[in-house]
Amino acid sequence: MPELPEVETIRSDLQREVVGSTITAVKLYWERVVAFPSAEDFVRGLTGRRIEDIGRRGKYLLFRLDSHDVLIAHLRMTGQLIHRRASDEMENQVRAVLELDDGSQLRFADMRKFGRLWLVPSELMVVGKLGPEPLAEEFTFEVFRERLRRRKGAIKPVLLDQSVIAGIGNIYADEALFAARIHPQTRVGDLTELQLQNLYQAVRAVLASGVENRGTTVDRYRDGLGRRGGFQEKLQVFRRAGQACPVCQGRIQRIVVGGRGTFICPSCQRLAVSSQKDEFDDPDPTQPWYH
DNA sequence: ACCACAACCTGGCCGC
DNA sequence: TGCGGCCAGGTTGTGG
């Protein structure tokens with residue numbers, strides 16, 4: 001599941017690999033990979049164009065071209081963008097290939113066919129509704145608090161809402177909430193000032209570490225050269241149900257929040273209940289009176 | 001504005 | 001070994 005750190009890793013790999021190259025041909029093996037414009041116009045608009053720069057907004061990759069059009073890619077769940085020599089063995093489930101003037105290829109592979117490509121005159125057509133970049137300097141605590149303020153409901157679905165903050169997906173949402181010791185079902189309005197500060201720091205730290213470690217390969221994610229990431233070694237809770245919490249040794253649980261699989265340590269991440277239900281229902285296994 | 005749910009897809013897993 | 005059924009999760013769209 002490519003989220004901000006995975007997409008950023010691919011961006012920096014491809015920046016080094018393909019910026020300055022010219023697209024000599026475009027092959028589509030599954031036309032519906034092109035979300036906009038038509039497959040024909042997409043191929044026509046890319047052929048002969050030089051790649052000037054590669055940017056990123058949230059989970060979107062932005063290839064800026066000398067025509068001032070922007071090629072945009074979203075990998076959704078299983079997409080891969082890999083730079084190879086034309087003579088290298090082809091990946092499975094390749095949906096599109098850009099041939100470059102140095103004899104290399106940029107290959108878009110995607111098992112589940114959810115990923116999409118766009119070719120647009122303005123990137124705002126695709127990424128205009130995204131919230132701020134969480135690792136940008138301008139993303140201060142005040143911005144974070146203000147963005148959350150008008151939202152209601154459980155915190156985890158809010159973190160996953162790309163119009164609130166761009167780039168967080170299921171992996172980093174669970175890791176950030178664990179790092180901040182916040183239960184994913186906590187209502188946004190119930191978060192204390194201290195919890196908001198902890199969550200702000202946790203979101204930034206977890207995403208930055210994800211980038212530092214070149215992303216998380218728990219499934220099909222590969223970087224721009226086809227290599228695995230490293231952050232899966234650092235995961236504290238994600239996909240670790242039944243294993244020991246690294247902090248308290250309690251058992252990590254899988255629950256469902258907002259319809260998504262969610263991993264928590266139930267003793268580190270308590271759901272603050274408004275006094276009606278008492279704490280005796282939910283003994284803390286780390287405390288001596290348990291047993 | 002919020003929530004729930006379906007749709008898009010296919011490989012992997014489970015139970016029988 | 002084989003088959004049906006379910007699950008995974010980013011995003012969009014529908015409907016309450």
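Structure: see above.
Fair warning: this is a prediction, and the values are worked out from it, not measured in the lab.

Procedures and definitions
- The residue numbers shown here count from 1 along each chain, following its written sequence.
- Whichever chain is written first becomes A and whichever ligand is written first becomes 1, with later ones labelled in order.
- The predicted origin of the model limits local features to residues at a pLDDT of at least 70 and limits the giving and counting of side-chain atom pairs to 80 or more, whereas totals for whole chains, interfaces and linings rest on all residues.
- The basis for every side-chain value is the complete set of heavy atoms in the structure, and neither hydrogens nor water enter the calculation.
- Only Phe, Tyr and Trp rings take part, Trp by its six-membered ring, and two of them pair if their centres are within 6.5 Å. Stacked means planes under 30 degrees apart, edge-to-face means over 60, and tilted covers everything else.
- Only protein chains enter the accessibility calculation, which uses a 1.4 Å probe; a residue whose area is less than 20% of its type maximum is buried, one above 50% is exposed, and one in between is partly exposed.
- By the criteria applied, helices consist of DSSP H or I runs no shorter than four residues and strands consist of E runs no shorter than two, each listed in order from the N terminus.
- The rule for a charge over a ring is simple: NZ of Lys or CZ of Arg within 6 Å of the ring centre, and within 35 degrees of the ring normal.
- Note on definitions: angles span 0 to 180 degrees between N-to-C directions of axes, and those axes are lines fitted to C-alpha atoms, for helices only across the stretch in contact.
- Here is the rule for angles: anything less than 35 degrees is roughly parallel, anything more than 145 is roughly antiparallel, 65 through 115 is roughly perpendicular, and the remaining ranges are oblique.
- Left-handed is the label given to a crossing in which the near helix is rotated counterclockwise from the far helix by less than a right angle, and right-handed is the label when the rotation is clockwise.
- Residue contacts follow a heavy-atom distance rule, with two residues in contact if any of their heavy atoms lie within 4.5 Å.
- Any residue outside Ala, Val, Leu, Ile, Met, Phe, Trp, Tyr, Cys, Pro, Asp, Glu, Lys and Arg is labelled polar, Gly included; the first ten of those are nonpolar and the last four are charged.

A. Quick peek at the packing of aromatic side chains. What the rule picks out here adds up to seven aromatic pairs. The interplanar angle of 80 degrees and the centroid separation of 6.1 Å between the aromatic rings of Phe-139 and Phe-144 together place this pair among those described as edge-to-face. Judged by its relative accessible area of 0%, Phe-144 falls in the buried class. On the basis of an interplanar angle of 70 degrees and a centroid distance of 5.5 Å, the ring pair of Phe-238 and Phe-263 is categorised as edge-to-face. You can see Phe-238 sitting in the loop between helix H7 (193-212) and strand S10 (253-257) and its partner Phe-263 sitting in strand S11 (residues 260-264), a full 25 residues away along the chain. Here Phe-238 matches Phe-263 in class, with each residue buried. Among the aromatic side chains, those forming a connected cluster through ring pairs are Phe-139, Phe-141, Phe-144 and Tyr-200. It is Arg-181 that lies over the ring of Phe-178; its NZ or CZ is 4.6 Å from the centre.

B. Highlighting the packing of helix H4 (residues 141-149) against H7. At a minimum axis distance of 10 Å, the contact between H4 and H7 shows a crossing angle of 115 degrees. When the axis of H4 is compared with that of H7, the two are roughly perpendicular. Of the two possible hands of crossing, H4 and H7 adopt the one that is right-handed. The segment H4 lies against H7, with Phe-141, Phe-144, Arg-145 and Leu-148 engaging Glu-193, Leu-196, Gln-197, Leu-199 and Tyr-200. Looking at side-chain class alone, the contact of H4 with H7 contains six nonpolar, one polar and two charged residues.

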